[in-house]
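Breakdown of the fold
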Amino acid sequence: MDLEHKRAFGASVLLTCVIICGNVPHPVGAYQYNNRYAGDQVFRITLTNDTEVQALKKILGLIKVDFWQPNSASLIHRNATVDVHVKRNDTQHLHARLKLERIKYRTLISDLQKEIEKQTGYHSSRKRRSESQYDYEVYHSLEEIQNWMFEMNRSRPELVTMLSLGTSYEGRPLYVLQLGKRSRPPKKSMWIDCGVHAREWIGPAFCQWFVKEALSSYKYDTVMTRLLNHLDFFIMPVFNVDGYRFSWNTDRFWRKTRSKNHKFHCRGVDANRNWKVKWCDEGASSHPCDDTYCGPFPESEPEVKAVAKFLRKHKKHMKAYISIHAYAQMLLYPYSYKYATIPNFNCVESAAQNAVTALYSAYGVRYRYGPAATTLYVSSGSSIDWAYRNGIPYAFAFELRDTGHFGFLLPESLIKPTCIETLKAVKAIASGLLKKCNTDKDRFSYI
């Protein structure tokens, strides 16, 4: 074959490949974000004393970093680990400064772009997501999740009711699925929201998994059948709809809502610092450019306002509130904003212990549990504190897998085990709502 024929043959093979490959849709990470994270790194920094804490704060004050854990510099303390996402232009500088200060650290992720592309896996394709058999082991875009919600509502009307609580800042509907056997009078209820922080994709994946399992195991699984017969579940798969969509299309590590600020170019508010409970105190920022920005006033975000309004309206029957976050492998309950013991501590602590035990029984994954302030860090304006203050006796926040190896980039291969174990924990909490808890005598001693 002469050179010209070889070139023609090569071109035809390439064209065939383009056509074939074009019909196999690509994973979300590989061709999105314009390669913006190439060379970025995630550092895990271990601090042993106050001198190191001050040195690190000074170093991080000179470069712009994305805090993964904790979520702001103000929460850095001794005997803690700090996970930070650093832009490629600053990685060498940070390596050098940490070595100079003799601060222990390691590189958790050496190339963030490659890790993003691995998260959804090369096996994953848009074809898998659009087939009639919905795939619960891949991450889904906002549009796919909302279409799925319509389908759940259409296909299981005897157990599912779809509600809209209002619209987001950018005008997207805020959908909720109500699960449970129809009955009068109204039953006890449990609220579960996911996707409060946009980059925590495992949250919406779990909310969808919960709905799938609840509906498919009804009448087959005795525990789930009892739960759906005696409780109503309100499931909000994506709380922060604008932010979640933005994390798919523009910035994978976006955390906040997408509301505009008139004085600053920075957008968004931390939807878990915007609730009307000790608003904008410790653990929240008053600066619009910070990831933990509390907003201009409590419930400034239409998403928070809509959910708060709904929960207030249903608080007579709402007995549990659960918010699904990532990452840290923790189960947290109030208080977040102060170091103090809640009045019904024994009941809530017992429920948390049962949930963590149930979760561990699946794969041996250990979760820490306890009051949010002492177990994680102090934060004001959080949803679990607000729910508790507004009369919901069991208020929990899950921080799902993992403990930092993947961070916000939990691979699709870990969706199934994470959801299976978390479902066991949520079922344990829900089952506890059907029993009386008399371990302490207070206004929440039983429900």
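Residues numbered from 1 in each chain as written. Predicted model: local features only at pLDDT ≥ 70, side-chain atom pairs only at ≥ 80, totals over all residues. Heavy atoms only, no water.

Going by the annotation in an unreviewed UniProt entry, the name recorded for the protein is Peptidase M14 domain-containing protein, with Poecilia mexicana given as the source organism. Of the protein, the UniProt comment under Cofactor (unreviewed entry) reads exactly: "Zn(2+)". (UniProt positions renumbered as here; feature names shortened; annotations may be inferred.)

1. Here we look at the overall build of the protein
Across its full length, the protein carries 14 helices and twelve strands. Sorting the 447 residues of the protein into buried and exposed places 57% on the buried side. Here the contacts in the protein between residues at least 6 apart in sequence split such that 75% fall between residues at least 24 apart. Summed over all atoms, the accessible surface of the protein reaches about 20,200 Å², with 52% contributed by carbon and sulfur. (Helix = DSSP H or I, 4+ residues; strand = E, 2+ residues; numbered from the N terminus. Buried < 20%, exposed > 50% of the residue type's maximum accessible area, 1.4 Å probe, protein only. Contact = heavy atoms within 4.5 Å. Areas by Shrake-Rupley, 256 points an atom, 1.4 Å probe, with all protein chains shown as cover.)

2. Observations concerning the nonpolar core
With 113 residues, the main nonpolar core has Leu179 and Trp191 as its most contacted residues. It is helix α7 (residues 202-217) that contributes the most residues to this core, nine residues altogether. Shared between two domains, this core holds at least three residues of each, these being domain 1 (37-118) and domain 2 (138-438). Ranked by size, the runner-up nonpolar core spans 18 residues in total, among them Ala55, Ile63, Val65 and Leu98. (Core = buried A, V, L, I, M, F, W, Y, C linked by side-chain atoms within 4.5 Å. Domains from an automatic or database assignment.)

3. Re the side chain of glutamate 399
Along the chain, the position of glutamate 399 falls in strand β12 (residues 394-400). For glutamate 399, which is buried and forms no salt bridge, the nearest opposite charge comes from arginine 255, at a distance of 7.3 Å. Among the polar contacts made by the side chain of glutamate 399, one reaches the main-chain amide nitrogen of alanine 326 at a distance of 3.3 Å. Residue contacts for glutamate 399: discarding those within four places in its chain leaves His325, Ala326, Tyr327, Ala328, Gln329, Met330, Leu332, Tyr367 and Leu376. (Lys, Arg positive; Asp, Glu negative; His and termini not counted. Salt bridge = Lys/Arg side-chain N within 4 Å of Asp/Glu carboxyl O. Polar contact = N/O pair within 3.5 Å; in protein donor to acceptor, adjacent residues only side chain to side chain.)

4. Quick notes on the pairing of strand β5 (residues 160-167)
Alignment of β5 against strand β6 (residues 173-179), held across six bridges, turns out to be antiparallel. When the bridges of β6 are listed, threonine 161 appears paired with glutamine 178. Turn length for the β5-β6 hairpin, with the two strands adjacent in sequence and antiparallel, is five residues, and the turn residue glycine 171 shows positive phi of about 90°. (Pairing = 2+ DSSP bridges.)

5. Brief notes about the packing of helix α8 (residues 222-230) against helix α14 (residues 415-433)
Describing two packed helices takes the angle between their axes plus the distance from one axis to the other. Two elements in contact, α8 and α14, have axes separated by 11 Å at closest approach and are oriented at 50°. Of the possible angle classes, the one that applies to α8 and α14 is oblique. α14 is crossed by α8, and the crossing has left-handed handedness. Mapping the contact onto sequence places Val223, Met224 and Leu227 in α8 and Leu423, Lys427, Ala430 and Ser431 in α14. Of the residues in the contact of α8 with α14, the class split is five nonpolar, one polar and one charged. (Axes fitted to C-alpha atoms, helices over the stretch in contact; angles between N-to-C directions. Parallel < 35°, antiparallel > 145°, perpendicular 65-115°, else oblique. Left-handed = near helix turned anticlockwise from the far one by under 90°. Nonpolar A, V, L, I, M, F, W, Y, C, P; charged D, E, K, R; others polar.)

6. What to know about the sheet that holds strand β3 (residues 81-86)
Pairing is antiparallel in the open sheet, where four strands are placed in the order β2-β3-β1-β4. Looking at strand neighbours, the two that pair on one side only are β2 (65-69) and β4 (104-109), the edges of this open sheet. Sheet twist, expressed as the mean angle between neighbouring strand axes with direction ignored, is 30°. In the sheet, strand β1 (residues 41-46) pairs with β3 via six bridges, with the strands oriented antiparallel. Each residue of the ladder has a partner; that of threonine 46, found in β3, is threonine 81.

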